[in-house]
Amino acid sequence: QVRLVESGGGLVQAGGSLRLSCAASGRTFSGYTMGWFRQAPGKEREFVAAIIWSGGWTHYAESVKGRFTISRDNAKNTVALQMNDLKPEDTAAYYCAARAVLGQSIRASEYGYWGQGTQVTVSS
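Quick caveat: nothing in here was measured; it's all calculated off a predicted structure.

## What to know about the state of the cysteines
Under the defined criterion, the tally for this structure stands at 1 disulfide. Here Cys-22 pairs with Cys-96 through a disulfide, and the sulfurs are 2.1 Å apart. Judged by the sign of its S-S torsion, about -80°, the cystine formed by Cys-22 and Cys-96 is left-handed. Placement of the pair is Cys-22 in strand β3 (residues 18-25) and Cys-96 in strand β9 (residues 92-99), with a sequence separation of 74 residues.

Have a look at this one:
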């Protein structure tokens, strides 16, 4: 029903910026809540940011507040994560996810569709 493809990851020095994009295909994208999660080797996958269809509700992990911004362009079926002032602890594989059930969610278990991930590496 939904296919998600992330892009925009790469290597950046601490203090730099990256913009991740998630392209969604499928007619069911409309109305879906979208989220970004990340996972570093040996660590549990953690929530980063989420946004509902209208954009009226967004939520961020405490560790990225003030630095990351999630946005979506429903006409283009894309979701973006602007990451500023990157820190070495931000290094991880970042995943785009979609939730078919209506409403707000910051739990990975509530998201049914996932992209392949894009690697973000921040050097000190």
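## A word on the packing of aromatic side chains
According to the stated counting rule, one finds 5 aromatic pairs in the structure shown. Here Phe-37 and Phe-47 contribute two aromatic rings whose centre-to-centre distance is 5.7 Å and whose plane-to-plane angle is 75°, an arrangement assigned as edge-to-face. One end of the pair, Phe-37, is in strand β4 (residues 33-39); the other, Phe-47, is in strand β5 (residues 46-51), and 10 residues separate them in sequence. Both residues of the pair, Phe-37 and Phe-47, belong to the buried class. Between Phe-37 and Tyr-111, the ring centres sit 5.2 Å apart and the planes meet at 75°, which makes this aromatic pair edge-to-face. With Phe-37 in strand β4 and Tyr-111 in the loop between β9 and β10 (113-114), this pair connects stretches of sequence that are 74 residues apart. Summarising the burial analysis for this pair, Phe-37 and Tyr-111 share the class buried.

The rules behind these values
Residues numbered from 1 in each chain as written. Predicted model: local features only at pLDDT ≥ 70, side-chain atom pairs only at ≥ 80, totals over all residues. Heavy atoms only, no water. Disulfide = S-S within 2.5 Å. Helix = DSSP H or I, 4+ residues; strand = E, 2+ residues; numbered from the N terminus. Phe/Tyr/Trp six-rings, centres within 6.5 Å; stacked < 30°, edge-to-face > 60°. Buried < 20%, exposed > 50% of the residue type's maximum accessible area, 1.4 Å probe, protein only.

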